[in-house]
Amino acid sequence: MDEQQYKATYNSINPQRCVFEKAINSRVCNCSKAQRFNLADREGVACTSIQGLERCSQLISSLRNNARFALRRLSVDKALAHTEEIKVQNGGLLGLQSKIEKHAHPTVTDIYALITSARKKFNNLQDFPYSKLMQVIATYKIRNRRNPPRPKK
C-alpha cells in the first residue's frame, strides 16, 4: 500500500482523528475517549466524542501557537515535524497536568479528564498557564528508540 492510498483509507475509516494521536501512540498519554485501531502495520486513534475532539482541537491549536518560541520557529502555519509535535503534545499535556495535580506523574492517564479539570480551574482556554506549559515543552526530552542504553561491561 503506497502512502497516498494509506492516507485515503485512514481518513475514510477514521473521520474523527484524535488530535493527540502522537501523544497516545507514544504511550505517554491516554484518553477515555480514544479508540485505537490498526491499519496495515500502523496504529491509529479515533476520538469517540465530538465535544471532546472540539476541546482538544482548541487546546492543541493554542499549544502550537504558544510554542513558537520554545520550538525556535517564527510561525506554526505549516505542519510541525514529528519530534516537534511530540514535544508540543506530550510536553503540553504533562505541563498542564503538573498545574492541576499536586504530584508529578510521568504519564497522563486521561486527556479528556485533564482538559475538563483545567477548564474548571482556569475558567477558559485563554487563561491556561501557557508560559509554564512552554517551559515543559522546551525541556521535554523525546525517548530515543534507535539507540537504547547499552549495559556497561
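Residues numbered from 1 in each chain as written. Predicted model: local features only at pLDDT ≥ 70, side-chain atom pairs only at ≥ 80, totals over all residues. Heavy atoms only, no water.

Chemist: What is the right way to read the pattern of salt bridges from this model?
Modeler: Side-chain pairs of opposite charge can arise where the charged atoms are in close proximity. A full pass over the atoms with the stated rule returns four salt bridges. Glu21 is the salt-bridge partner of Arg17, the closest N and O atoms lying 2.6 Å from each other. A residue is classified by how much of its surface remains accessible, and Arg17, at 42% relative accessible area, is partly exposed. Glu21 gets classed as buried once you look at its relative accessible area, which sits at 6%. Of the charged contacts, one joins Arg36 and Glu43 as a salt bridge, the two residues approaching to 3.4 Å between their closest N and O atoms. A relative accessible area of 33% means that Arg36 is categorised as partly exposed. Several salt bridges converge on common partners, so that one network encompasses Arg27, Arg36 and Glu43. (Salt bridge = Lys/Arg side-chain N within 4 Å of Asp/Glu carboxyl O. Buried < 20%, exposed > 50% of the residue type's maximum accessible area, 1.4 Å probe, protein only.)

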